[in-house]
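What the coordinates show
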Amino acid sequence: MTFPTFSSNLRVTFWAALFVAVTTTAVWAASLLEVIDQEVSSMYEKSKDAIVKVHAQRQFQIGNLAFIPSHRVGTGFFIDKDGHILTAATVVEDADICWIDWHGQKVNARVMGRDPQTNVALLKIEPEAGTATPFLPQGDPNELRVGSMVIAIGFPYDLPSTPVVGFVGGLDIQRCGHVFATSHIRAGCRLSPGQAGGPLLNAHGEVIGIAVAAHMDDQCYALPICAARKISNDILEFGQPQYSWVGLGVSERQLAINPTVSNQWQVFIQQIYSNTPAATAGFHDGDILVSITSNQVHRSADVLNTMFYHRVGDKVEFTVLRDGQTANLLLVVGVRPAQETFNFQPPPQVALPRPQGPWPTVVPASQER
């Protein structure tokens, strides 16, 4: 007679335990969301003073007839205490005057230089004497992984700055046949006109990229901050970006279709242009690239990513595999020739497959009148 009572008590205990477990899980999930909410809000509040709305205006005039000026608006951010600002090159393209909204004031900005290839521009304001501009701490893009949380901050349309939370989807060297100068961060952040040139922050609130392109699938592309700083340093030192010239056409091939096999890709020399640093260094058609300096080469992106950071005159050691033997070749980086030398076509540095699909586009600036 006691068995039914015991069974009933057992069922009550089971459902009570299950209720506690479900409640605990729900509370934990709610607590986690609250923590994320607080962290995003906190990072935004700490960062927003270093993020500015950038204005660029161009006046059109034919003779004595003046037209309504073109007015573009984008986003920028301070990178140091001296008033230097990074933004997208398309925001300030062909601008006659440029200024930023900061601390409720209109502050004139000077365009120090711009690079259409990476869509990065460097601006400069003159802080008041004895004052320093706030700037975003720089993080390490190499620490990002697929699934890493990122936050893009910018000024959509004519609205106040807004954070957009997303996750890293990959590090891409190309998209639909368009080859980037160096690998870009692809993140699931849908950006609106006006957010071009805004910073991409990691989970620590550090800037790890600048938004330069967008894709129709609610994806954005950010140039890694180390690459953007390389461009800005070139502009400050040389007045323009310094792109290395090697004179090699390379391609890649897959050695094995097996996810358990590491390093299953190989990069080889497909073409050597005459009268170039590569020809002088002694490269041969068919050479397999093993490494550049201390960086191992397995994919074409490894070549572009390594050479992006070299300047004209740098001596770079290449290790190649030729007829089963390794050889070290010393190459002196040259000046990239004019496009006219190649019949108005940019000289191919890397041959990559061309998948189908829409190309990425620059994040448009907001148009105002």
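Check the entry above for the structure.
Keep in mind that this is a model prediction, so the values were computed, not measured. (Residues numbered from 1 in each chain as written. Predicted model: local features only at pLDDT ≥ 70, side-chain atom pairs only at ≥ 80, totals over all residues. Heavy atoms only, no water.)

**Observations concerning the overall build of the protein**
Heads up, the rule is: Working definition: helices are DSSP H or I runs of at least four residues, strands are E runs of at least two. Numbering for both runs from the N terminus. To sort residues, take the accessible area from a 1.4 Å probe on protein chains only and compare it with the maximum for the residue type: under 20% means buried, over 50% means exposed, and anything in between is partly exposed. We call two residues in contact whenever any of their non-hydrogen atoms come within 4.5 Å of each other. Where accessible areas are quoted, they stem from the Shrake-Rupley method and a 1.4 Å probe; at the residue level, only the protein chains shown are allowed to cover.
Of regular secondary structure, the protein possesses five helices and 25 strands. Here the protein holds 369 residues, and 45% of them are scored as buried. The contacts of the protein with a sequence gap of at least 6 include a subset with a gap of at least 24, amounting to 62%. A total accessible area of about 19,700 Å² is found for the protein, and carbon and sulfur atoms account for 55% of it.

**Overview of the packing of aromatic side chains**
We apply this condition: Only rings of Phe, Tyr and Trp enter the pairing, Trp through its six-membered ring, and a pair is recorded when the two centres are within 6.5 Å. The plane angle decides the type: under 30 degrees is stacked, over 60 is edge-to-face, the rest tilted. Placement of a charge over a ring requires the Lys NZ or Arg CZ to be within 6 Å of the ring centre, with the centre-to-atom vector within 35 degrees of the ring normal.
All told, the structure shown has six aromatic pairs when counted by the stated rule. An angle of 70° between the planes, with centres 6.0 Å apart, marks the rings of Tyr243 and Phe308 as edge-to-face. With Tyr243 in the loop between helix 3 (225-238) and strand 16 (244-245) and Phe308 in helix 5 (residues 300-308), this residue pair connects regions lying 65 residues apart in the sequence. Taking relative accessible area as the criterion, Phe308 reaches 4% and is therefore assigned buried. Taking the centre distance of 5.2 Å and the plane angle of 90° together, the rings of Phe283 and Phe318 count as edge-to-face. Here Phe283, found in the loop between helix 4 (277-281) and strand 19 (288-292), pairs with Phe318, found in strand 21 (residues 315-322); they are 35 residues apart in sequence, far enough to count as distant. Summarising the burial analysis for this pair, Phe283 and Phe318 share the class buried. Here the aromatic cluster, defined as three or more aromatic residues joined through ring pairs, consists of Tyr243, Phe308 and Tyr309. The cationic tip of Lys106 hangs over the ring face of Trp99; the distance from NZ or CZ to the ring centre is 4.3 Å. Its end group placed over the ring of Tyr243, Lys230 keeps NZ or CZ at 5.8 Å from the ring centre.

**Focus on the layout of surface pockets**
To find the voids left in a structure, one rolls a probe of water-molecule size over its atoms. Which entries qualify depends on this criterion: Residues are called lining when one of their atoms sits within 4 Å of a cavity or pocket point, these points coming from a 1 Å grid over the protein atoms alone, where a cavity is a set in which a 1.4 Å probe fits but cannot get out and a pocket is an open set with protein on both sides within 12 Å along at least five of seven lines. Grid points are joined across faces, edges and corners, and a volume is the space filled by probe spheres set on the points. Side-chain classes follow a simple rule in which Ala, Val, Leu, Ile, Met, Phe, Trp, Tyr, Cys and Pro form the nonpolar group, Asp, Glu, Lys and Arg form the charged group, and the remainder, Gly included, forms the polar group.
The calculated volume of the second largest pocket comes to roughly 510 Å³. Around the second largest pocket sit 19 residues that line it, and Asn142, Leu171, Thr182, Ser183 and Asn305 are the ones nearest its centre. Every element with two or more residues in the lining of the second largest pocket is listed here: strand 11 (162-175), strand 12 (178-187), strand 20 (295-296) and helix 5. Looking at the lining of the second largest pocket element by element, the count peaks at four residues for helix 5. Broken down by class, the residue content of the lining of the second largest pocket amounts to eight nonpolar, seven polar and four charged.

**Observations regarding the pattern of salt bridges**
Counted only if it meets this: A pair is scored as a salt bridge if a Lys or Arg side-chain nitrogen falls within 4 Å of a carboxyl oxygen belonging to Asp or Glu.
Applying the stated criterion to the full structure yields eleven salt bridges. Its salt-bridge partner being Lys48, residue Glu45 comes within 3.1 Å of it at the nearest N-O pair. For Lys48, a relative accessible area of 35% puts it in the partly exposed group. Across the pair Asp172 and Arg186 runs a salt bridge, and its minimum N-O distance is 2.6 Å. On the criterion of sequence distance, the pair formed by Asp172 in strand 11 and Arg186 in strand 12 is long-range, its members being 14 residues apart. Exposure remark for Arg186: the relative accessible area of 22% places this residue in the partly exposed category. One network of salt bridges, in which partners are shared, links Lys230, Asp234, Glu237 and Arg311.

**Let's talk about helix 5**
Burial within helix 5 is extensive, with seven of its nine residues counted as buried. If you check which residues of helix 5 are buried, you get Ser300, Ala301, Val303, Leu304, Thr306, Met307 and Phe308.

**A few points about the pairing of strand 18 (residues 265-272)**
Put simply, the test is: DSSP-based pairing: two strands are paired if at least 2 bridges between them are found.
Where strand 17 (residues 248-254) and strand 18 come together, seven bridges link them in antiparallel fashion. Its bridge partner lying in strand 18, Ser251 is registered against Phe268. The sheet contact formed by strand 18 and strand 19 spans two bridges and is antiparallel. Across the sheet, the residue bridging to Val267 is Leu289, located in strand 19.

**As for the side chain of Lys230**
Looking at the secondary structure, you find Lys230 in helix 3. Leaving out residues up to four positions away in the same chain, Lys230 has contacts with Gln242, Phe308, Tyr309, His310 and Arg311.

**Looking at the side chain of Gln242**
Relative to the elements of secondary structure, Gln242 occurs in the loop between helix 3 and strand 16. Judged by its relative accessible area of 14%, Gln242 falls in the buried class. Apart from the residues within four sequence positions on either side, Gln242 is in contact with Lys230, Asp234, His310, Arg311 and Val312.

**What about the nonpolar core?**
Looking at soluble globular proteins, one finds that nonpolar side chains tend to be buried together. Operational definition: Working definition of a nonpolar core: buried Ala, Val, Leu, Ile, Met, Phe, Trp, Tyr and Cys residues. They are joined through side-chain atoms within 4.5 Å.
Counting 30 residues, the largest nonpolar core has Phe77, Leu86, Val120, Leu136, Ile210 and Leu223 as its most contacted members. Contributing elements (two or more residues each) for this core: helix 1 (2-47), strand 9 (120-124), strand 10 (149-154), strand 12, strand 14 (207-215), strand 15 (219-224) and helix 3. Ranked by residue count, the leading element in this core is helix 3, at five residues. When near neighbours in sequence (up to four residues on either side) are disregarded, Leu223 contacts Thr118, Val120, Thr182, His184, Ile208, Gly209, Ile210, Val212 and Ala228. Of all hydrophobic cores here, the second largest spans 19 residues; its members include Ala278, Ile292, Met307 and Val316.

In short, geometric facts, not functional conclusions.
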